[in-house]
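So you can see what is in the structure, the chains are spelled out below.
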Amino acid sequence: MLLRHLLGVLPSVGFVLSQAATEFIDPDNGISFWGITDVVHQVTYGYVFPPLATSGPNPDEYIAEIVAPLANEWVGFALSGSMVDSLLIAAWPNNGQIVFTTRYATTNVLPDVYPGPIITTLPHSFVNSTHWKWVFRCQNCTSWLGGSIDPGAEAAVPAWCASSIPVDDPSDPGTSMVQHTDCKTFGFYFFEFASAHVSADVYNNWAAGGSGGGGGITTTTTTTTSVLPTRTATPVDYIIVGSGPGGIITADRISQAGKSVLLLERGGPSTGQTGGTYQPNWAKGTSLTKFDIPGLFESMFTDANDFWWCKDITVFAGCLLGGGTSVNGALYWLPSDNDFSTQVGWPQQWTNHQPYTAMLKARLPPTDAPSKDGKRYLEQVSNVVADLLIPQGYRNVTINDSPNAKDHVYGYSAYDFIGGQRGGPVATYLQTALARPNFKLQLFTNVLNVVRNGSQITGVTTNDTSVLNGFYPLNPNGRVILSGGSYGSARLLFRSGIGPPDMLSIVANDPVAGPNLPPQSQWINLPVGFNVSDNPSINLVFTHPSVDAYDNWADVFTDPPAADAAQYLANRSGIMAQASPRLNFWSALGASDGVTRWMQGTARPGAASVTTTLNYNASQMFTITGYLSAGIKSRGRLGINAAMNGMPLVNPWLVDPADKSTLIQGLNNIISTVSLVPGLQLIMPDNTMTMAQYVDNYDPATMDSNHWVGSNIIGTKAGEAVVDVNTKVFGTNNLFVVDASIIPSLPYGNPHGTLMSVAEQAAAKILALAGGP
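This is a predicted model, so every value here is computed, not measured.

What about the overall build of the protein chain?
Right, so step 1: Looking only at helices and strands, one finds 12 helices and 32 strands in the protein chain.
Right, so step 2: A globule of 773 residues ought to have a C-alpha radius of gyration of about 28 Å, and the protein chain, at 27 Å, matches this closely.
Right, so step 3: Dimensions along the principal axes, computed over C-alpha positions, put the protein chain at roughly 90 × 60 × 50 Å.
Right, so step 4: By the burial criterion, 62% of the 773 residues in the protein chain qualify as buried.
Right, so step 5: Element-wise, carbon and sulfur atoms account for 52% of the exposed surface of the protein chain, whose accessible area totals about 26,300 Å².

Re the sheet that holds strand β25 (residues 537–543)
Right, so step 1: Spatially, 7 strands are ordered β19-β20-β26-β27-β28-β25-β31 in an open sheet, and the strand pairing comes out mixed. Of all strands in the sheet, those with a lone pairing partner are β19 (395–396) and β31 (681–684), marking the two edges.
Right, so step 2: Direction of pairing for strand β20 (residues 409–412) relative to strand β26 (residues 583–589): antiparallel, over a ladder of 4 bridges. Along β26, the bridge assignment pairs Tyr410 with Phe585.
Right, so step 3: Across the sheet, helix α10 (residues 657–671) lies against β25, β26, β27 (597–605), β28 (621–628) and β31, angled at about 45° from β27, the strand it touches most.

Re the pairing of strand β7 (residues 88–94)
Right, so step 1: Counting buried positions along β7 yields 6 of 7 residues, so the element is predominantly enclosed.
Right, so step 2: Strand direction decides the pairing type here: strand β6 (residues 74–78) and β7, joined by 3 bridges, are antiparallel. The residue bridging Gly76 from the neighbouring strand is Ala90, located in β7.
Right, so step 3: In this structure, β7 lies alongside strand β8 (residues 97–104), joined through 7 bridges in antiparallel fashion. Bridged to Ala91 within β8 is Phe100.
Right, so step 4: Hairpin connection from β7 to β8: 2 residues lie between these consecutive antiparallel strands, with Asn95 at a positive phi of about 50°.

A word on the UniProt feature "domain: Glucose-methanol-choline oxidoreductase N-terminal" (unreviewed entry) in the protein chain
Right, so step 1: According to UniProt, the feature "domain: Glucose-methanol-choline oxidoreductase N-terminal" (unreviewed entry) maps to residues 318–341 in the numbering used here.
Right, so step 2: Split by type, residues 318–341 is 0% helix and 0% strand. Its first and last C-alpha atoms lie 29 Å apart.

Remarks on the packing of helix α3 (residues 354–363) against helix α12 (residues 752–768)
Right, so step 1: Closest axis-to-axis distance for the α3/α12 pair is 8 Å, and the angle between their directions is 115°. Between α3 and α12, the crossing angle belongs to the class labelled roughly perpendicular. By crossing handedness, the relation of α3 to α12 is classed as right-handed. Facing Tyr356, Thr357, Met359 and Leu360 of α3, the residues of α12 in contact are Gly753, Met756, Ser757, Glu760, Gln761 and Ala764.

A closer look at the packing of aromatic side chains
Right, so step 1: All told, the structure shown has 35 aromatic pairs when counted by the stated rule.
Right, so step 2: Pairing Phe191 with Phe193 gives two aromatic rings, centres 4.8 Å apart and planes at 75°, and the pair type is edge-to-face. We note that Phe191, like Phe193, is buried.
Right, so step 3: Every member of this aromatic cluster is reached through a ring pair, and the members are Tyr47, Phe49, Tyr62, Phe77, Phe100, Trp134, Phe136, Tyr189, Phe191 and Phe193.
Right, so step 4: When the ring centre of Tyr568 is taken as reference, the NZ or CZ atom of Arg572 above it lies at 5.6 Å.

As for the side chain of Ser326
Right, so step 1: Counting through the fold element by element, Ser326 comes out in the loop between β18 (261–264) and α3.
Right, so step 2: When sequence neighbours within four positions are dropped, the list of residues in contact with Ser326 reads Ser270, Phe291, Met300, Leu320, Leu321, Arg422 and Val426.

Looking at the pairing of strand β4 (residues 43–48)
Right, so step 1: With respect to burial, β4 is a largely interior element, 6 of its 6 residues being buried.
Right, so step 2: Neither face of β4 is left uncovered, since the one carrying Val43, Tyr45 and Tyr47 and the one carrying Thr44, Gly46 and Val48 both have all their residues buried.
Right, so step 3: In this structure, strand β3 (residues 32–38) lies alongside β4, joined through 5 bridges in antiparallel fashion. Residue Gly35 lies in a different strand from β4, and its bridge partner there is Gly46.
Right, so step 4: Between β3 and the antiparallel strand that follows it, β4, lie 4 residues; Gln42 among them carries a positive phi value of about 60°.
Right, so step 5: With 5 bridges joining them, β4 and strand β5 (residues 62–69) adopt antiparallel strand pairing. Across the sheet, the residue bridging to Tyr47 is Ala64, located in β5.

A word on the environment of Leu482
Right, so step 1: Locating Leu482 in the fold gives a position in strand β24 (residues 471–482).
Right, so step 2: Judged by relative accessible area, which is 0%, Leu482 ranks as buried.
Right, so step 3: When the C-alpha positions of Leu482 and Thr54 are compared, they lie 50 Å apart, and in sequence the two are 428 residues distant.
Right, so step 4: Look past the residues within four positions of Leu482 in its chain and what remains in contact with it is Val241, Val450, Ser489, Leu492, Leu493, Leu735, Phe736, Val737, Val738 and Asp739.

Structural notes on unusual backbone geometry
Right, so step 1: Cis geometry marks the peptide bond from Met684 to Pro685, where omega comes out at 5°.
Right, so step 2: Relative to the helices and strands, Pro685 resides in the loop between β31 and α11 (691–696).
Right, so step 3: In this model, Gln42 sits at a positive phi of 60°, which is unusual for a non-glycine residue.
Right, so step 4: Its location among the elements puts Gln42 in the loop between β3 and β4.
Right, so step 5: Gln42 gets classed as partly exposed once you look at its relative accessible area, which sits at 33%.

Digging into helix α7 (residues 485–495)
Right, so step 1: By the criterion of burial, α7 is predominantly enclosed, with 10 of the 11 residues buried.
Right, so step 2: Buried within α7 we find Ser486, Tyr487, Gly488, Ser489, Ala490, Arg491, Leu492, Leu493, Phe494 and Arg495.
Right, so step 3: Positive phi shows up at Gly497, right after α7, with a value of about 80°.

Regarding the side chain of Thr325
Right, so step 1: Along the chain, Thr325 falls in the loop between β18 and α3.
Right, so step 2: In this structure the side chain of Thr325 is engaged in a polar contact, spanning 2.5 Å, whose partner is the backbone oxygen of Gly322.

Side note on the confidence of the model for the protein chain
Right, so step 1: Across the protein chain, the average pLDDT comes to 90, with 93% of residues at or above 70.
Right, so step 2: Across residues 1–17, confidence stays below pLDDT 50; counting only partners more than four residues off in sequence or on other chains, it has 66 contacts.
Right, so step 3: Low confidence marks residues 214–229, where pLDDT is under 50. Its contacts with residues over four positions away, or in another chain, come to 40 contacts.

Section: the state of the cysteines
Right, so step 1: Scanning the entire structure with this criterion turns up 2 disulfides.
Right, so step 2: The partner cysteine of Cys138 in its disulfide is Cys141, sulfur to sulfur 1.9 Å. When the S-S torsion is -75°, as for the bridge of Cys138 with Cys141, the disulfide is left-handed.
Right, so step 3: Across the disulfide, Cys310 is cross-linked to Cys319 (sulfur-sulfur distance 1.9 Å). Its torsion about the S-S bond being 100°, the disulfide of Cys310 and Cys319 is classed as right-handed.
Right, so step 4: Judged by its relative accessible area of 8%, Cys310 is buried.

So, the pattern of salt bridges
Right, so step 1: Counted by the stated rule, this structure contains 21 salt bridges.
Right, so step 2: Asp724 is paired through a salt bridge with Lys728; the nearest N and O atoms lie 4.0 Å apart.

A closer look at the packing of helix α2 (residues 245–256) against α12
Right, so step 1: Where α2 contacts α12, the two axes come as close as 9 Å, and the packing angle between them is 40°. Viewed along their axes, α2 and α12 adopt a mutual orientation that is oblique. Handedness of the crossing formed by α2 with α12: right-handed. Across the interface between the two elements, Pro245, Gly246, Ile249, Thr250, Arg253 and Ile254 from α2 touch Leu755, Met756, Ala759, Glu760, Ala763 and Leu767 from α12.
Right, so step 2: A breakdown of the residues in the contact of α2 with α12 according to their chemical character gives 8 nonpolar, 2 polar and 2 charged.

Definitions and cut-offs
- Residues numbered from 1 in each chain as written.
- Predicted model: local features only at pLDDT ≥ 70, side-chain atom pairs only at ≥ 80, totals over all residues.
- Heavy atoms only, no water.
- Helix = DSSP H or I, 4+ residues; strand = E, 2+ residues; numbered from the N terminus.
- Rg over C-alpha atoms; globule rule 2.2 N^0.38 Å.
- Buried < 20%, exposed > 50% of the residue type's maximum accessible area, 1.4 Å probe, protein only.
- Areas by Shrake-Rupley, 256 points an atom, 1.4 Å probe, with all protein chains shown as cover.
- Pairing = 2+ DSSP bridges.
- Contact = heavy atoms within 4.5 Å.
- Axes fitted to C-alpha atoms, helices over the stretch in contact; angles between N-to-C directions.
- UniProt positions renumbered as here; feature names shortened; annotations may be inferred.
- Parallel < 35°, antiparallel > 145°, perpendicular 65-115°, else oblique.
- Left-handed = near helix turned anticlockwise from the far one by under 90°.
- Phe/Tyr/Trp six-rings, centres within 6.5 Å; stacked < 30°, edge-to-face > 60°.
- Lys NZ or Arg CZ within 6 Å of the ring centre and 35° of its normal.
- Polar contact = N/O pair within 3.5 Å; in protein donor to acceptor, adjacent residues only side chain to side chain.
- pLDDT = per-residue confidence, 0-100.
- Disulfide = S-S within 2.5 Å.
- Salt bridge = Lys/Arg side-chain N within 4 Å of Asp/Glu carboxyl O.
- Nonpolar A, V, L, I, M, F, W, Y, C, P; charged D, E, K, R; others polar.

As structure tokens, then:
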């Protein structure tokens, strides 16, 4: 849940952290702490270390304090910045006393009580009618099973958490604390641990309960003074929220037009080029991170330290620089004309997508041979699946050479990798934006809501403790663009008083978010969260004696084949230069309701899971995933729960009966020629069930493709749509949305390429719209 790594040279690559620890003196005890005040929740976190050792190990302790309003049921921190493999310390008031707990977890589960630290509550700790303060000495707290902090570090990124949901039993330090629901509001800040040290005499005095620079214990008081920032942020022309493909491309094009742009991202860096440092041990000594190396894609879903996923959204969503484009498989299909047609819901003004798609292709050419040596690796699956499809009338094409050809065609998987590494908008559009003085990227800045007076947006409220009230303002006529994804942007609209009444009521009842809502008379009722589509996807698992399952990608992060790792490190070539998909195909399917639907197939070595009665050779497995895409009628709804977490409210998969029957038809078509391929065996579903039974029994939790579109659907009429033809939110003067949430229906294939073309066109429309800066 909490981020773990940050490169110490971040400012040199063109972006900054929103918060940084500063020195302050607690007036009650005279202790000089280094820390922050989260101005949104009014919680102060402070720390001070003893002197560093001149030889041998450093001291294993520090003194800390937390000052919090009672509205926060509990607060906590991880000085190492990660929930996984970190020492977590949390506290809360109970019957006039402060209860604290130390926890540790190796995966994203409820952390276990961790008995190692020795914590002593110091004088000047109290609970009064409005606040509580906990001052404590934490010994044996700089290292723990599986991790540590460096108290002399010049760059560290601690994490904090504030929860409005109480623990189950506030009298019990070992109480249950619901994972990721309790800690729904969290953040990170920059802290030079090396600056937060005092002399041994001063530290020892404070550790013994003394105050000031060396005096005795003073009387405990009930004041709650903390250091609050007075700096106001500089107004800009455009604030863009979210650094996914929509946000990055829009920010680049708008800053290219000379406008001042602030791009705010709630997560941290990703690739080495952006200051990321999370890398496999076998890549140590290079700048390559997990996010740079295409072959590590499958490990995104199995790594215990999965800090890149948004922990307050119940489906996969990327919370880091680049958003989903930094963690996805990077399949990249140039959009077809049908993907922007009025028949699938686009306004007439959007149908001429070709100039914008051409701009995208020029900046980011697709490749179906991503290895830098131009060779293709682990391609046995491609050959076997081609043998399966050719008897069904499929023809081989270079898929992105003919974007409109999507019936009975197959070809090598295409990506937006560059030079054997992850490319996408982070490696292209972001880099040109960073070179401009009128563009600023700010990481670890969580936007909580837009600030509006009726229809006029004046700025955004953030978790940034370095500016007054966390507020970032706009210039006169300035604009805010939400690019937080289908879930993130919808939630921001809810938190800003825009959306259906049931969602806004949830926000209004939240003790933190509710006070930031505009008056109910200014709420705007729009269908935010409705009209949601996602591809229903079904895995078919096969074996063939020619296939290398590549150990199901099990150890690619920790221990890949030595020769493959060495080849990749030497020249960015080989198996590690490509994500797992190897071949894609499409077919048009007639349906009982007369509406044509399309199926996309994606084939890859290995299998996510296998349930079968058949004997099989696991080293020869491969998977074909069948996705029902363009033409589907099923729709769902997304929203938030009482903890303000984004989640599906109504699942969008196979709601329409013709969608389901068409999907079953398409899957049966895929397997219809298995007997014509010598050695090919279908093991899931096995011979104990029909395809219809297999689909009926398929777990809905694994049917999603995470290709969510439509939650802020574009259109020409308020009430039927959320944004107008210029992507401006109905009922507002200067609030826009540019991300997958405005796409009215699913394109033929993975929406990655379509979304980037959308961003190119949206940026042009926003710049051309009168009334802006």
